[in-house]
Amino acid sequence: MTIADLEHFRNLLLERQNNVVQWLASPENAGQEEIDKVQNLLTEIKDALERVEHKEYGVCAVCEGEIEHHRLEIQPTAQICLECISQQERNQLEEELFLASKIHRALLPQTVVHIDGFDLAVKSLAARIVGGDYYDFFTGGRSARIVIADAMGKGLPAGLLMSNIQGALKILADEIESPSQLVTRINRWLCRNVPVTKFVSFVCIALDSGANQTSRLLMANAGHCPPIIVRKGGAIELLEPTGGVLGVHEQFVFSECAHQLQSGDLLVLYTDGVTDAENGKGEMFGDNRLLQFLSSHPATEPNQLVSLLMTEIDSFAGRKELSDDLTIIALRRQ
Ligand SMILES: [Zn+2]
């Protein structure tokens, strides 16, 4: 491991430490067991920082080989390489990843992102087993970009994959404004740099604040559930994929489509945790229920709309535990 690598992982560990300390200061709705686990996590982070100081960081305790960097990216406290971990440790790792993603989500500003000209609401829930939902907002450029993605499958591989994509996007989104170019680049990056056996569905939408209460929407959709526009009058439009899922072929080129959003129009992005939510009889919530719900709430303000939709999904699924991550983003043009 180079000095630069050590510096990188030290920063990552310090950031985690900071998040964990912050979470422990006000562990809302957390039981003692969970607090204890997070306390242990803090101890592990401190131990890992010690190993960085002594330049012993990143060495597998079993085979003494180097621990995979993509593993350390997601679990910087790891002391054993992926080759060497047992099934029991694998389960433990999933548990830790779940905790980490829960802390990450708890600290994520779920609604405070501001997009000019829009009211915005977000709800994202992690399933018990680590899933692969990811969303982000990039509001620095000429237009605001919204990204939503879902890694197929769950567990460790999906979690690792999403964490890698998140890192790459933070860099690429600064350089690339166009949704189709961003999706094309992230696909190429993914195919070249990550040994992908799972695929990722991905949407990038760019929104202009526009004039006269009209915004231009540009979208590239790599095999993701179609975002939905509900017009002020109740008409529904589905923004179908403009290309296949990410991670299949690095030469894929993604196109984009353009739409106009007028005052009162609603835009909804979601992951398949919404439509795949199952009830006790094994029935899925499905596209039709979602569309029916949206068209029967044409003027509801986004925050309320999202919480009503969550209630609808919960009551449909009964008391069954969430089996997949679930993310909903709703925006209404002011
Ligand atoms: Zn090893």
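Everything numeric here is computed off the predicted structure, so don't read it as measured data.

What counts as what
- Residues numbered from 1 in each chain as written.
- Predicted model: local features only at pLDDT ≥ 70, side-chain atom pairs only at ≥ 80, totals over all residues.
- Helix = DSSP H or I, 4+ residues; strand = E, 2+ residues; numbered from the N terminus.
- Buried ≥ 20, exposed ≤ 12 C-beta atoms within 10 Å, placed from the backbone.
- Contact = placed C-beta atoms within 7 Å.
- Pairing = 2+ DSSP bridges.
- Axes fitted to C-alpha atoms, helices over the stretch in contact; angles between N-to-C directions.
- Core = buried A, V, L, I, M, F, W, Y, C linked by C-beta atoms within 7 Å.
- Parallel < 35°, antiparallel > 145°, perpendicular 65-115°, else oblique.
- Left-handed = near helix turned anticlockwise from the far one by under 90°.
- Nonpolar A, V, L, I, M, F, W, Y, C, P; charged D, E, K, R; others polar.
- pLDDT = per-residue confidence, 0-100.
- Expected span 1.5 Å × (residues − 1).
- Arc of directions from axis to C-beta.

### Examining the overall build of the protein chain
Phase 1 of the analysis: Each helix and strand counted, the protein chain has nine helices and 10 strands in total.
Phase 2 of the analysis: Here the protein chain holds 334 residues, and 36% of them are scored as buried.

### Brief notes about the environment of Ser-163
Phase 1 of the analysis: Topologically, Ser-163 is positioned in helix α5 (residues 155-175).
Phase 2 of the analysis: If sequence neighbours within four positions are ignored, Ser-163 has contacts with Glu-73 and Ile-74.

### Here we look at the sheet that holds strand β6 (residues 228-230)
Hydrogen bonds along the backbone pair up the strands of a sheet, which may run parallel or antiparallel.
Phase 1 of the analysis: Taken in spatial order, the five strands of this open sheet run β1-β10-β9-β6-β7, and their pairing is antiparallel. A strand with exactly one partner marks an edge of an open sheet, and here the two such strands are β1 (118-125) and β7 (236-238). On average, each strand axis in the sheet is tilted by 15° relative to the strand beside it, whichever way the strands run.
Phase 2 of the analysis: For strand β9 (residues 266-270) and strand β10 (residues 326-333), the ladder comprises five bridges, and the chain directions are antiparallel. Within the sheet, the bridge partner assigned to Leu-269 lies in β10 and is Ile-329.
Phase 3 of the analysis: Relative to the sheet, helix α8 (residues 286-295) contacts β6, β7 and β9, its axis offset from that of β6 by approximately 30°.

### Considerations on the nonpolar core
Phase 1 of the analysis: Ile-165, Val-200, Phe-202, Ile-329 and Ala-330 are the most contacted members of the largest nonpolar core, which has 62 residues in total.
Phase 2 of the analysis: With seven residues, strand β4 (residues 200-207) is the single largest residue contributor to this core.
Phase 3 of the analysis: When neighbours within four sequence positions are excluded, Ile-329 is seen to be in contact with Val-122, Tyr-135, Ile-146, Ile-148 and Leu-269.

### Side note on the packing of helix α1 (residues 3-25) against helix α2 (residues 32-53)
Phase 1 of the analysis: Packing of α1 against α2 leaves a shortest axis separation of 10 Å and a crossing angle of 155°. Relative to α2, the element α1 is oriented roughly antiparallel. Crossing of α1 against α2: the hand is left-handed. On the side of α1, the interface is formed by Leu-6, Phe-9, Arg-10, Leu-13, Arg-16, Gln-17, Val-20, Trp-23 and Leu-24, while α2 contributes Val-38, Leu-41, Leu-42, Ile-45, Ala-48, Leu-49 and Val-52.
Phase 2 of the analysis: In terms of residue class, the contact of α1 with α2 is built from 13 nonpolar, one polar and two charged.

### Let's talk about the confidence of the model for the protein chain
Phase 1 of the analysis: Predicted confidence across the protein chain gives a mean pLDDT of 85, with 87% of residues reaching 70 or more.
Phase 2 of the analysis: The secondary structure element of the protein chain with the lowest average pLDDT is helix α4 (residues 87-107), at 67, and the one with the highest is β9, at 97.

### Topic: the environment of Val-52
Phase 1 of the analysis: You can see Val-52 is positioned in helix α2.
Phase 2 of the analysis: Sequence separation of Val-52 and Ile-3 is 49 residues, and the distance between their C-alpha atoms is 9.8 Å.
Phase 3 of the analysis: Residue contacts for Val-52: discarding those within four places in its chain leaves Leu-6, Phe-9, Arg-10, Leu-13 and Tyr-57.

### Topic: the sheet that holds β4
Phase 1 of the analysis: With respect to topology, five strands assemble into an open sheet ordered β2-β3-β4-β5-β8, the strand pairing being antiparallel. Either end of the sheet is taken by a strand with one partner, and the two such strands are β2 (133-138) and β8 (257-262). Neighbour to neighbour, the strand axes of the sheet diverge by 20° on average, direction disregarded.
Phase 2 of the analysis: Bridge count for strand β5 (residues 214-222) against β8 is six bridges, and the pairing is antiparallel. Counterpart to Arg-216 in the pairing with β8 is Gln-260.

### Points about the pairing of β5
Phase 1 of the analysis: The sheet contact formed by β4 and β5 spans six bridges and is antiparallel. Directly across from Ala-206, in β5, lies its bridge partner Leu-218.
Phase 2 of the analysis: Count of turn residues in the β4/β5 antiparallel hairpin: six residues, of which Gly-210 carries a positive phi of about 65°.

### Quick look at unusual backbone geometry
Phase 1 of the analysis: Backbone geometry at Lys-55 places phi at a positive 55°, although glycine is not the residue there.
Phase 2 of the analysis: Examined against the element boundaries, Lys-55 turns out to sit in the loop between α2 and α3 (69-74).
Phase 3 of the analysis: Backbone geometry at Glu-64 places phi at a positive 65°, although glycine is not the residue there.
Phase 4 of the analysis: With respect to the secondary-structure elements, Glu-64 resides in the loop between α2 and α3.

### Notes on α2
An α-helix turns once per 3.6 residues; consequently, residues spaced three or four apart project the same way.
Phase 1 of the analysis: Taking 1.5 Å per residue, 22 residues should reach 32 Å; α2 reaches 32 Å between its end C-alpha atoms and fits that length.
Phase 2 of the analysis: Those residues of α2 lying buried are Leu-41, Ile-45, Ala-48 and Val-52. The buried side chains of α2 occupy one side of the element, clustering within an arc of 65° when seen end-on. Across from the buried face of α2, at angles greater than 90 degrees, the exposed residues are Gln-32, Glu-33, Asp-36, Gln-39, Asn-40, Thr-43, Lys-46, Asp-47, Glu-50 and Glu-53.
Phase 3 of the analysis: Trailing α2 by a residue or two, Lys-55 shows a phi angle of about 55°, which is positive.

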